[in-house]
Amino acid sequence: MSNFPTATHRPGPDDSFGGRAFAPRDDGTIAGVGIDVVEIGRLSAMLERTPALLERLLTPSERGLSAASRAARVAAKEAVGKALGAPGDFSWQDVTVERTEVRRPYLRLRGATLRAAEAQGVAHLHLSLSHDGEIATAIVVAEREAGTPGAAGAAADEVRPR
């Protein structure tokens, strides 16, 4: 048995598996988790039919990206809203995806979405983006600093940005 803090002492259904279990945290460090998928072709068709939608959904730095990357950004914005519990005044323009020098994606928030994150004590937003075939996906984990009191609220099933 590992001495790692998240290792579980309970045996699993197959004791012969061995290894180390990674139990979820139950100390309130994780404020929320959000996931979303976007059909790349469907989003592209919507943007072609309604050009103003491009400006509504994406920030200026995101608009010139490939169709797959734009779809992943839209999924990321939805996932942020879900991870934060669907703040009522969430705006598509309050969230943008940027990249580090080594191309790792991260989120930048402002406005009502930033206020919602700060109100929940969120210190880190972990982001994973992917696209394959016609699907783009994003996962966001909202994390508080260890020891920060948890705020009430669960992730929403669906976000309706304005």
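Position labels on residues start from 1 in each chain and follow its written sequence. In keeping with the model being predicted, local features are shown solely for residues with a pLDDT of at least 70 and side-chain atom pairs are shown and tallied solely at 80 or more, while totals for entire chains, interfaces and linings include all residues. Side-chain numbers come from the whole structure's heavy atoms, not from hydrogens or water.

1. Re the packing of aromatic side chains
Centre distance and the angle of the planes are the two values used to describe a pair of aromatic rings.
Part 1 of the reasoning: Aromatic rings from Phe, Tyr and Trp, taking only the six-membered ring of Trp, are treated as a pair when their centres fall within 6.5 Å; an angle between ring planes under 30 degrees marks them as stacked, one over 60 as edge-to-face, and anything in between as tilted. Inspection of the entire model under this criterion finds one aromatic pair.
Part 2 of the reasoning: Consider the rings of F90 and W92, whose centres lie 6.2 Å apart with planes at 70°: the pair is edge-to-face. Like F90, the residue W92 is buried in the burial classification. Each residue's exposure class comes from its accessible area (1.4 Å probe, protein chains only) as a fraction of the maximum for that residue type: buried when under 20%, exposed when over 50%, partly exposed otherwise.

2. Quick notes on helix 1 (residues 40-49)
Part 1 of the reasoning: For helix 1, the full list of buried residues reads I40, L43 and L47. Within helix 1, the buried residues cover an arc of 70° as seen down the axis, which keeps them to one side. Exposed side chains of helix 1 directed beyond 90 degrees from the buried face belong to R42, E48 and R49.
Part 2 of the reasoning: Only heavy atoms enter the contact rule, under which two residues are in contact if any of them lie within 4.5 Å. To qualify as a helix, a DSSP run of H or I must reach at least 4 residues; to qualify as a strand, a run of E must reach at least 2; elements of each kind are numbered from the N terminus. Next to the buried residues of helix 1 lie strand 1 (30-39), helix 2 (52-57), helix 3 (67-83), strand 4 (122-132) and strand 5 (135-144). By construction, the arc corresponds to the directions joining the helix axis to the C-beta atoms.

3. Quick look at the sheet that holds strand 5
Within a sheet, neighbouring strands are paired by backbone hydrogen bonds and run either parallel or antiparallel to one another.
Part 1 of the reasoning: The antiparallel open sheet is built from three strands, whose spatial order is 1-5-4. In the strand order of this sheet, the two ends are held by strand 1 and strand 4, each with one partner. Strand-to-strand, the axes of this sheet are offset by a mean angle of 10°, without reference to chain direction.
Part 2 of the reasoning: By the bridge criterion, ten bridges tie strand 4 to strand 5 in an arrangement that is antiparallel. The partner of H126 across the bridge, within strand 5, is V141.
Part 3 of the reasoning: Note on method: axes are straight lines fitted to C-alpha atoms, helices fitted across the in-contact stretch only, with angles between N-to-C directions ranging 0 to 180 degrees. Strands strand 1, strand 4 and strand 5 of the sheet are contacted by helix 1, whose axis makes an angle of about 75° with strand 1. Should DSSP find at least two bridges between two strands, the strands are regarded as paired.

4. Some thoughts on unusual backbone geometry
Part 1 of the reasoning: A positive phi angle, close to 75°, is found at R103, a residue other than glycine.
Part 2 of the reasoning: Mapped onto the secondary structure, R103 falls in the loop between strand 2 (95-99) and strand 3 (105-109).
Part 3 of the reasoning: The exposed category is assigned to R103, whose relative accessible area is 56%.

5. A few points about the confidence of the model for the protein
Any segment with low pLDDT has predicted coordinates that should not be analysed in fine detail.
Part 1 of the reasoning: Model confidence for the protein is summarised by a mean pLDDT of 85, while 79% of its residues fall at 70 or above.
Part 2 of the reasoning: Of the regions scoring below 50 in pLDDT, residues 151-162 engages in 28 contacts with residues more than four places distant in sequence or in other chains. Known as pLDDT, the predictor's confidence for each residue is given on a scale from 0 to 100.

6. Structural notes on the environment of G85
Part 1 of the reasoning: Along the polypeptide, G85 turns up in the loop between helix 3 and strand 2.
Part 2 of the reasoning: Put simply, G85 and A31 are 54 residues apart on the chain and 9.0 Å apart in space, counted from C-alpha to C-alpha.

7. Here we look at the side chain of E62
Part 1 of the reasoning: Within the secondary structure, E62 sits in the loop between helix 2 and helix 3.
Part 2 of the reasoning: For E62, the contacting residues outside a window of four places in its chain are L57, R70, R73, K77, V95, T96 and V97.

8. Section: the pairing of strand 2
Part 1 of the reasoning: Pairing of strand 2 with strand 3, which is carried by five bridges, proceeds in the antiparallel orientation. Counted as the bridge partner of E98 is Y106 from strand 3.
Part 2 of the reasoning: Between strand 2 and strand 3, which pair antiparallel and follow one another directly, the connecting turn spans five residues, one of which, R103, has a positive phi of 75°.

9. Digging into the environment of A142
Part 1 of the reasoning: Along the polypeptide, A142 turns up in strand 5.
Part 2 of the reasoning: Here the alpha-carbon distance between A142 and V122, two residues 20 residues apart in the chain, equals 6.1 Å.
Part 3 of the reasoning: Not counting residues up to four positions away in its chain, the partners in contact with A142 are T29, I30, A31, G32, A83, L84, V122, H124 and L125.

10. As for the packing of helix 1 against helix 3
Part 1 of the reasoning: For the pair helix 1 and helix 3, interaxial distance at closest approach is 9 Å and the crossing angle is 95°. Taken as axis vectors, helix 1 and helix 3 run roughly perpendicular relative to one another. Along its contact with helix 1, which presents I40, L43, S44 and L47, the element helix 3 presents A67, A68, R70, A71 and V74.
Part 2 of the reasoning: Think of it as three bins: nonpolar holds Ala, Val, Leu, Ile, Met, Phe, Trp, Tyr, Cys and Pro, charged holds Asp, Glu, Lys and Arg, and polar takes everything else, Gly as well. Looking at the contact of helix 1 with helix 3 residue by residue, the classes come out as seven nonpolar, one polar and one charged. Our angle categories are set so that under 35 degrees counts as roughly parallel, over 145 as roughly antiparallel, 65 to 115 as roughly perpendicular, and the remainder as oblique.

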